[in-house]
Amino acid sequence: MAMGNVKESLNEPSGYLVPDSFERFLADLKAVAREERHPLINPKLFASALSIDIQTLASQAHVHRTTISRAQGAEKLQRYLRDALRVLGAAADINGDFHDALFWFRNEPLSAFDYKTPEQLVSEGRSNDLLRYVQSLQAGVAG
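Along each chain, numbering runs from 1 in the same order as the chain's sequence is written. Selection of residues for local features in this predicted model requires a pLDDT of at least 70, selection of side-chain atom pairs for listing and counting requires 80 or more, and totals for whole chains, interfaces and linings are taken over all residues. Calculation of side-chain values draws on the structure's entire complement of heavy atoms; hydrogens and water are dropped beforehand.

A. Quick peek at the packing of helix H4 (residues 54-61) against helix H6 (residues 75-95). Every axis corresponds to a line fitted to the C-alpha atoms, with the helix fit spanning only the stretch in contact, and the corresponding angles, defined between N-to-C directions, vary from 0 to 180 degrees. Counting from the N terminus, the helices are the DSSP runs of H or I reaching at least four residues and the strands are the DSSP runs of E reaching at least two. The contact between H4 and H6 brings their axes to 9 Å, and the two run at 95°. Looking at the two axes, H4 sits roughly perpendicular to H6. Along the contact surface, H4 presents Leu57, Gln60 and Ala61, while H6 presents Lys76, Leu77, Tyr80 and Leu81. Only Asp, Glu, Lys and Arg are considered charged in this grouping, and only Ala, Val, Leu, Ile, Met, Phe, Trp, Tyr, Cys and Pro are considered nonpolar; every other residue, Gly among them, is considered polar. Split into classes, the residues belonging to the contact of H4 with H6 amount to 5 nonpolar, 1 polar and 1 charged. Throughout, the term roughly parallel applies to angles under 35 degrees, roughly antiparallel to angles over 145, roughly perpendicular to angles from 65 to 115, and oblique to all others. Note on contacts: a residue pair qualifies if any of its non-hydrogen atoms lie within 4.5 Å across the two residues.

B. Here's a closer look at the pattern of salt bridges. In the sections that follow, a salt bridge refers to a side-chain nitrogen of Lys or Arg positioned within 4 Å of a carboxyl oxygen of Asp or Glu. Scanning the entire structure with this criterion turns up 8 salt bridges. Notably, a salt bridge pairs Arg82 with Glu75, separated by 2.6 Å at the nearest N-O pair. Burial classes follow relative accessibility: with a 1.4 Å probe on protein chains only, a residue under 20% of its type's maximum area counts as buried, one over 50% as exposed, and anything between as partly exposed. Judged by relative accessible area, Arg82 falls into the partly exposed class, the value being 36%. Relative accessible area serves as the criterion here: at 41%, Glu75 is assigned to the partly exposed category. The residue Arg126 makes a salt bridge to Asp129 at a minimum N-O spacing of 3.2 Å. Overall, Asp129 belongs to the partly exposed group, its relative accessible area being 28%. Three or more residues are tied together by salt bridges with common partners; here these are Glu75, Arg79 and Arg82.

C. Highlighting the packing of aromatic side chains. Two aromatic rings from Phe, Tyr or Trp, using only the six-membered ring of Trp, form a pair when their centres are within 6.5 Å; if the ring planes differ by under 30 degrees the pair is stacked, by over 60 it is edge-to-face, and anything between is tilted. Applying the stated criterion across every chain, the model contains 5 aromatic pairs. For the pair Phe113 and Tyr133, a centre-to-centre distance of 5.5 Å together with 80° between the ring planes defines the contact as edge-to-face. Here Phe113 is found in the loop between helix H7 (98-107) and helix H8 (118-123), whereas its partner Tyr133 is found in helix H9 (residues 127-139), with 20 residues between them in sequence. Side by side, Phe113 and Tyr133 carry an identical accessibility label, which is buried. Every member of this aromatic cluster is reached through a ring pair, and the members are Tyr16, Phe22, Phe25 and Phe98.

D. Inspection of the side chain of Ser123 at higher detail. By secondary structure assignment, the location of Ser123 is in helix H8. Under the relative-accessibility criterion, Ser123 is labelled buried at 17%. Among residues more than four places away in sequence, those in contact with Ser123 are Ser59, Gln60, His62 and Tyr80.

Interpretation note: all reported values are geometric properties and have no functional meaning in isolation.
In structure tokens:
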């Protein structure tokens, strides 16, 4: 996707076409950061890729909704986004399909975690536990 298309899609949440690979999604995030001249994960692009609204993202990151537009560099917000990307990257590595990884992250209840979704676990600050779980699946230990 051309940089202009990514940038334009930030104004229209449904306008961002989620790429087929995690690597392409990271490239889109990097392109926006480069364009905006700061090394931050753009929360609007992230929310658009996950088909969530800004209020939901703010709630998951435990920040006020105005933080998303006025203080994108807030450490709490950026930490949540980085952790979510780590988990999404690991999930995409296992199954090879970024769209499946997005669906899994948002929707699949995990029995090993009292049937919470990966999205809920990252919001609770349990991304390291979740990554260990994903790595064990990759190694064939669990699941």
